[in-house]
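So the chains spell out like this:
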Amino acid sequence: MSSNVRPAAMERITTPELAKAFIDEQVAQVRAQVGDKKVLLALSGGVDSSVVAALLIKAIGKQLVCVHVNHGLMRKGESEDVIRVFGQEMDANLIYVDATDRYLDLLAGVSEPERKRKIIGEEFIKIFDEEAAKLEGISFLAQGTIYPDILESKGVKAHHNVGGLPEEMDMELVEPVKLLFKDEVRVVGEALGLPHSMVYRQPFPGPGLGVRCLGAITRDRLHALREADAILRDEFDKCGLAGKVWQYFIAVPDMKSVGVKDGKRYEGWPAIIRAVNTKDAMTATIEEIPYEILHKITNRILAEVEGINRVCMDLTPKPVGTIEWE
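A brief report on the enclosed structure follows. Sequence order as written defines the numbering, with residues in each chain counted from 1. A pLDDT threshold of at least 70 governs which residues receive local features in this predicted model, and a stricter bar of 80 or more applies before side-chain atom pairs are shown or counted, although totals over entire chains, interfaces and linings include all residues. Neither water nor hydrogens contribute to the side-chain values; these are computed over all heavy atoms in the structure.

**Points about the nonpolar core**
The condition that has to hold: What we call a nonpolar core is a set of buried Ala, Val, Leu, Ile, Met, Phe, Trp, Tyr and Cys residues that are connected through their side-chain atoms within 4.5 Å. Only protein chains enter the accessibility calculation, which uses a 1.4 Å probe. A residue is then buried if its area is under 20% of the maximum for its type, exposed if over 50%, and partly exposed in between. Segments assigned H or I by DSSP are reported as helices when at least four residues long, segments assigned E as strands when at least two residues long, and all are numbered from the N terminus.
Counting residues in hydrophobic clusters, the biggest one holds 47 residues, and the most contacted among them are Leu 40, Leu 222, Phe 236, Ile 250, Ile 301 and Ile 308. Of the residues forming this core, the biggest block, 7 residues, is contributed by helix α9 (residues 219-239). Among the nonpolar cores identified, the runner-up in size contains 39 residues, and Val 82, Val 177, Val 188 and Leu 192 belong to it.

Below, the structure is given as structure tokens:
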């Protein structure tokens, strides 16, 4: 395969024609590299792994084995989308692992963010190993490495791809999009026929909602977070903000405040809206959201989501506040 340096003469992929030429070239390269052997891919549902999956299905069909692990910390409908697009529409060789209980049991009572991240990352590798061990004759491991991952140096982003796979899994890597920038990966994804919503999915941390359900994760608060987040996304889609805002989500802290419902006092959690724009994720500015839209989102969350009795807006730019709360 090509080296890890993008050739100076390589044209930026901006059109469907350039994307198709890249796809044809990679299909030929992958077939030459893989032959009749099998390739394993951890398919998160993120942009990079989805594009790699679609590209490899085009190149080698059922020789690609995709493993999708649902850690129970996905956004609403995401695992279902992966199963529908890859398992049904693309007829991929897809192994779906619902590890929700396994993760949430391990995370019970753990409030320290770094420890939560570590548990989520390590458990993923364990599950991926267990699934790989059940399979026969896997010679290659595919990864959704993209050019910024290489530039940012190894290790910094180990949680994005399957960093830290055990040494005994002695497999050659297949990394068909490793010389592409994110915007190019999206153009290639569209050319491969992936749904627009998947190709333009906003960045989502490896630990998923685990870093937005602040403090120790409980099932009821995680459920409330997932439902509130789905309402925010739905309303942003409807009003046209989805394409204008780089990242938007809800965080739900582990604290309660008093509210009133049906004439009675009751305690509930606050849902905190975060909506930021950034070029490089190093700095971020706050997106202006019309009050009319904020009122609509607030009313829906308070009416539809069990356990949430306040909606707040986080107006902190980066620096000082990081994009994620944890």
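**Examining the packing of aromatic side chains**
For any two aromatic rings, the description comes down to two numbers: the centre-to-centre distance and the angle of the planes. Here is the rule: Centres within 6.5 Å make a pair out of two Phe, Tyr or Trp rings, where for Trp the six-membered ring is used; the pair is then stacked when the planes are under 30 degrees apart, edge-to-face when over 60, and tilted otherwise.
In total, this model carries 3 aromatic pairs according to the counting rule given. Summarising the aromatic geometry, the rings of Tyr 147 and Phe 181 are spaced 5.5 Å apart at their centres and angled 90° between planes, so their arrangement reads as edge-to-face. Note that Tyr 147 is positioned in helix α6 (residues 147-151) and Phe 181 in the loop between β5 (172-174) and α7 (182-191), a separation of 34 residues in sequence. Ring geometry for Phe 236 versus Tyr 248: centroids 4.5 Å apart, planes at 35°, classification tilted. Here Phe 236, found in helix α9, pairs with Tyr 248, found in strand β6 (residues 247-251); they are 12 residues apart in sequence, far enough to count as distant.

**Digging into the pattern of salt bridges**
The following threshold applies: Salt bridges, as used here, are contacts in which a Lys or Arg side-chain nitrogen is within 4 Å of a carboxyl oxygen on Asp or Glu.
Per the counting criterion, the structure on display carries 26 salt bridges. One salt bridge in this structure joins Arg 12 and Asp 183, with 3.1 Å as the shortest N-O distance. In this pair, Arg 12 is assigned in the segment before α1 (16-34) and Asp 183 in helix α7, connecting sequence segments 171 residues apart. The exposure class assigned to Arg 12 is partly exposed, which follows from its relative accessible area of 39%. Residue Asp 183 is classed as partly exposed on the basis of its relative accessible area, which comes to 37%. Each of the salt bridges in this network shares a partner with another, and the network as a whole consists of Asp 234, Glu 235, Lys 238, Lys 296, Arg 300 and Glu 304.

**A few points about the packing of α9 against helix α10 (residues 291-304)**
Heads up, the rule is: A fitted line through C-alpha atoms serves as each axis, taken over the contacting stretch for helices, and the angle formed by two N-to-C directions is quoted from 0 to 180°. For a crossing to be left-handed, the near helix must be turned anticlockwise from the far one by less than a right angle; the clockwise case is right-handed. Contact criterion: two residues are considered in contact whenever any of their non-hydrogen atoms come within 4.5 Å of each other.
As a packed pair, α9 and α10 sit with axes 10 Å apart at the nearest point and diverge in direction by 145°. The crossing of α9 and α10 is right-handed. Contact residues: Ala 228, Ile 231, Leu 232, Asp 234, Glu 235, Phe 236, Lys 238 and Cys 239 in α9; Ile 293, Lys 296, Ile 297, Arg 300, Ile 301 and Glu 304 in α10.

**A word on the environment of Phe 204**
Position of Phe 204 relative to the elements: it lies in the loop between α8 (196-199) and α9. For the pair formed by Phe 204 and Ile 293, sequence separation is 89 residues and the distance between their alpha carbons is 23 Å.

**Re the sheet that holds strand β1 (residues 38-42)**
The condition that has to hold: Strand pairing requires that DSSP identify at least two bridges connecting the strands.
The 5 strands are arranged β3-β2-β1-β4-β5 in an open sheet whose pairing can be described as parallel. Looking at which strands have only one partner, the edges of the open sheet turn out to be β3 (93-98) and β5. In this sheet, adjacent strand axes meet at a mean angle of 30° when their direction is disregarded. The pairing of β1 with strand β4 (residues 138-142) spans 4 bridges and is classified as parallel. Looking across to β4, one finds that Val 39 is bridged to Phe 140. Against the sheet, helix α2 (residues 47-60) contacts β1, β2 (64-70), β4 and β5, and its axis sits at roughly 160° relative to β1.

**A short note on the pairing of β6**
A large share of β6 lies buried, amounting to 5 of its 5 residues. Going residue by residue along β6, you find Gln 247, Phe 249 and Ala 251 tucked away on one face and Tyr 248 and Ile 250 tucked away on the opposite face as well. Note that β6 and strand β8 (residues 264-277) share 5 bridges and pair antiparallel. Looking at the pairing, Ala 251 lines up with Ile 272 of β8.

**Examining the packing of α1 against α7**
To keep things clear, this is the line we draw: For classification purposes, an angle smaller than 35 degrees is called roughly parallel, one larger than 145 roughly antiparallel, one from 65 to 115 roughly perpendicular, and anything else oblique. For this classification, the nonpolar set comprises Ala, Val, Leu, Ile, Met, Phe, Trp, Tyr, Cys and Pro, the charged set comprises Asp, Glu, Lys and Arg, and every other residue, Gly included, is treated as polar.
Look at α1 against α7: their axes get within 9 Å of each other, and the N-to-C directions meet at 85°. By the criterion of interaxial angle, the relationship of α1 to α7 is roughly perpendicular. Contacts between α1 and α7 pair Pro 16, Ala 19, Phe 22 and Ile 23 from the former with Val 187, Val 188 and Ala 191 from the latter. Looking at the contact of α1 with α7, its residues break down into 7 nonpolar, no polar and no charged.

**Observations regarding the environment of Ser 49**
For clarity, the cut-off: Polar contact is defined as a pair of N or O atoms within 3.5 Å, subject to the rule that within protein one atom must be able to donate a hydrogen and the other to accept it, and that residues adjacent in sequence are counted only when both atoms are side-chain atoms.
Its place among the elements puts Ser 49 in helix α2. Each C-alpha atom, one on Ser 49 and one on Ile 146, is 9.9 Å from the other, the two residues being 97 residues apart in sequence. A distance of 3.1 Å separates a polar atom in the side chain of Ser 49 from the backbone nitrogen of Ser 44.

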